[in-house]
Amino acid sequence: MNRIAARAWVVAILSGILLGGFIFFVVEFMQKSSQWVLSENSPFVDNNQQLSEEQRTLDYGTVVDRDSRILVKLDEGRVYSQDADIRKTSIHWIGGRDGNISAPLLAAFKKEMLAYNTLTGTYSYGDSSPVTRLTLSSKVQKVALEAMGNYKGTVAVYNYQTGELLCSVTTPTFDPDNVPADLETNPSTDDAYYNKFIQYHYTPGSIFKIVTLAAAMEELDDLDSMEFSCAGSYTMGVDKITCTGTHGKQNIQEAFRNSCNCAFAQLSEVLGTHTLAKYVEQFGITKAITFDGITTAEGRFDTDASAVNVAWSAIGQFNDEINPCAFLTFVGAIARGGQGLSPYVMDRISVGDNVTYRGSAELNTRIMTPRTAQRLQEFMRSNVADKYGDWNFPGLKVCAKTGTGEVGGNKKPNAMLTGFVADAQYPLAFIVCVEDAGFGQSVCVPIASKVLASCKEVMDS
Ligand SMILES: [Zn+2]
């Protein structure tokens, strides 16, 4: 009896170990199998050793634009579009061959592209290869590239009612199928690897006056009755704020349309550093934005500064820095009544008939009252109607603000323009940043004019 009892115990223990091991395996398999499939040495994943872990994409499937134009076939070492301009305008989003461009977008969606199913295995959708659709329009992208000409910078347009990024072009760029040997050493292309919409920050110049104006509208009950004087310069202690003109007596709307530095210096004194900084924070001006596995650069607004430097900060100079994507999101919030949407670029991933991912925008918290947003819209509308000229934007009710960001050194200023179309049919917000260029109005308005016209055409078709 003792021998039988001992054997029963041994069997029970062995069975227990077997069962425990089996449970452990099942749990591990359920939790980690998708990671194993997507791991470094998986045959499904691009194992180009030059790429960082974050950049390794699936090595099969096709990436297309919003109109199904092929951007890249990931099979067999990346086969890019036949069109050189499409190659040049999309590499900052889909990456090059050698990993020099930090383009985490496709790698962030490996799992959805593979459509891995834990229970049935990878091939649950048969032989279908994933089709990854971005929100970008190659048609608009090409127009933006041409409009930028030899200028360096970035142009972006997004639909502020859906969050879809229609256009985001960075220059200089290069053709991944024909990379110049001197790309990295030639001063005209040595910054070609950057997606400036995401990775750069710029001295904003007067587009920042939208921020100061919005803070004043939220904070000051008597803003409309305030009078601002400009004699060409404004004295602050031993320092002086200079203006681009002599604007005389102005109300706030005139001061904004004149982009009067003296008036905005006076406004900065009334508001004070602390209040200005509070609204910069509330409006998300300097915060990084995260979407689709991408995180933008942060901006900068220094609070530890003398009164005259705070005045320059309120004007968009001094140490101010804005990231184009974050600022575009801020402007989109104004267009949308004070509560905006984050942009997104990954539209849809489908494998055969199965949609494994569908992009959508995230609703951000309200950053200003609907009334402030409405008034900013009126002021920005007046800039275009009464100053820049509606003839630049046929058929579009554009609201905007220009900027000229002084960067010092031997460089010409950053020319900046941002705004939106106040029309339910074309809910487009845009930003144009051009480096070493000159005045925002003369440089950026013609670029925005062409790009918005192209967006309108695409939306009408
Ligand atoms: Zn002035």
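What you are looking at is a predicted structure, and each value in this text was computed from that prediction instead of being measured. (Residues numbered from 1 in each chain as written. Predicted model: local features only at pLDDT ≥ 70, side-chain atom pairs only at ≥ 80, totals over all residues. Heavy atoms only, no water.)

Considering the coordination of the zinc ion
Coordination sphere of the zinc ion, protein contribution only: Cys230 (SG), Cys243 (SG), His247 (ND1) and Cys260 (SG), at 2.1 to 2.4 Å. Of note is the zinc ion, whose four donor atoms meet at the metal with angles of 104 to 114° in an arrangement that counts as tetrahedral. Under the relative-accessibility criterion, Cys243 is labelled buried at 15%. Residue His247 is classed as partly exposed on the basis of its relative accessible area of 21%. (Donors = N, O, S within 2.8 Å, 3.2 Å for Na, K, Ca; no water. Tetrahedral: all angles 85-135°; square planar, octahedral: opposite > 155°, others 65-115°. Buried < 20%, exposed > 50% of the residue type's maximum accessible area, 1.4 Å probe, protein only.)

Focus: helix α10 (residues 307–315)
Those residues of α10 lying buried are Val308, Val310, Ala311, Ser313, Ala314 and Ile315. Buried residues in α10 make contact with α6 (209–219), β8 (233–236), β9 (239–242), α8 (261–271) and α9 (273–282). (Helix = DSSP H or I, 4+ residues; strand = E, 2+ residues; numbered from the N terminus. Contact = heavy atoms within 4.5 Å.)

Topic: the pattern of salt bridges
Tallied over the entire structure, the rule returns 18 salt bridges. Two residues, Lys278 and Glu219, come together in a salt bridge whose shortest N-O distance is 3.8 Å. Residue Lys278 is found in helix α9, and its partner Glu219 is found in helix α6; the two are separated by 59 residues along the sequence. Among the charged side chains, a network of salt bridges with common partners joins Lys152, Asp190, Asp191, Lys196 and Glu435. (Salt bridge = Lys/Arg side-chain N within 4 Å of Asp/Glu carboxyl O.)

Brief notes about a nonpolar patch on the surface
On the surface, a nonpolar cluster with roughly 570 Å² of combined accessible area is contributed by Leu19, Phe22, Ile23, Phe25, Val26 and Val27. The topology assignment puts Phe25 in helix α1 (residues 2–37). Classification of Phe25 by relative accessible area gives partly exposed; the value is 48%. (Patch = residues over 30% accessible without salt bridge, like charges linked within 9 Å, V, L, I, M, F, W, Y side chains within 5 Å. Areas by Shrake-Rupley, 256 points an atom, 1.4 Å probe, with all protein chains shown as cover.)

Quick notes on the sheet that holds strand β17 (residues 428–435)
Think of a sheet as strands paired side by side through backbone hydrogen bonds, with each pair either parallel or antiparallel. Spatial strand order, β6-β5-β17-β16-β15: five strands in an open sheet with antiparallel pairing. Taken across any chain shown, the strands that pair with only one partner, and hence form the sheet edges, are β6 (165–171) and β15 (398–405). Shown here is a sheet whose adjacent strand axes are inclined to one another by a mean of 5°, direction ignored. Judged from the eight bridges that link them, β15 and strand β16 (residues 414–421) form a sheet pairing that is antiparallel. Residue pairing across strands places Ala400 opposite Gly419, the latter belonging to β16. The sheet strands contacting helix α11 (residues 324–335) are β5 (152–159), β16 and β17, and the helix crosses β17 at an angle near 145°. (Pairing = 2+ DSSP bridges. Axes fitted to C-alpha atoms, helices over the stretch in contact; angles between N-to-C directions.)

What to know about the sheet that holds strand β4 (residues 130–134)
The mixed open sheet is built from six strands, whose spatial order is β3-β2-β1-β4-β13-β14. Each end of this open sheet is capped by a strand with a single partner; those strands are β3 (79–80) and β14 (354–358). By the bridge criterion, four bridges tie strand β13 (residues 346–351) to β14 in an arrangement that is antiparallel. Across the sheet, residue Ser350 finds its bridge partner in β14, namely Val355. Against the sheet, helix α2 (residues 84–94) makes contact with β1 (62–64), β2 (70–73), β3 and β4, and its axis sits at roughly 60° relative to β2, the strand it touches most.

Overview of the side chain of Thr296
Of note, Thr296 is situated in the loop between β12 (294–295) and α10. There is a polar contact of 2.8 Å between the side chain of Thr296 and the backbone nitrogen of Ile289. Apart from the residues lying within four places of it in its own chain, the contact partners of Thr296 are Ile198, Lys287, Ala288, Ile289, Asn323 and Cys325. (Polar contact = N/O pair within 3.5 Å; in protein donor to acceptor, adjacent residues only side chain to side chain.)

Regarding the packing of aromatic side chains
Inspection of every chain in the model, using the stated rule, returns twelve aromatic pairs. Taking the centre distance of 6.3 Å and the plane angle of 45° together, the rings of Phe256 and Phe379 count as tilted. Of this pair, Phe256 sits in helix α7 (residues 252–258) while Phe379 sits in helix α12 (residues 370–388); the two residues are 123 residues apart in sequence, bridging distant segments of the chain. Of the two residues examined, Phe256 and Phe379, each falls in the buried class. Ring centres of Tyr279 and Phe283 lie 5.6 Å apart, and the angle between their planes is 40°; this geometry places the pair in the tilted category. Just as Tyr279 is buried, Phe283 falls in that class too. Here the aromatic cluster, defined as three or more aromatic residues joined through ring pairs, consists of Tyr279, Phe283, Phe327 and Phe330. Here the guanidinium or amino end of Lys401 rests over the ring plane of Phe256, the centre of that ring lying 5.8 Å away. (Phe/Tyr/Trp six-rings, centres within 6.5 Å; stacked < 30°, edge-to-face > 60°. Lys NZ or Arg CZ within 6 Å of the ring centre and 35° of its normal.)

A few points about the environment of Gly205
Assignment of secondary structure puts Gly205 in the loop between α5 (196–199) and α6. Accessibility expressed as a relative area gives 0% for Gly205, which makes it buried. It is 31 Å that separates the C-alpha atoms of Gly205 and Asn100, two residues lying 105 residues apart in sequence. Discounting chain neighbours no more than four positions away, the residues touching Gly205 are Ile315, Gly316, Gln317, Gly403, Thr404 and Gly405.

Notes on the side chain of Thr203
Mapped onto the elements, Thr203 comes out in the loop between α5 and α6. Judged by relative accessible area, which is 8%, Thr203 ranks as buried. Setting aside residues no more than four positions away along its own chain, Thr203 makes contact with Gly316, Gln317, Asp320, Glu321, Gly405, Glu406, Val407, Asn414 and Met416.

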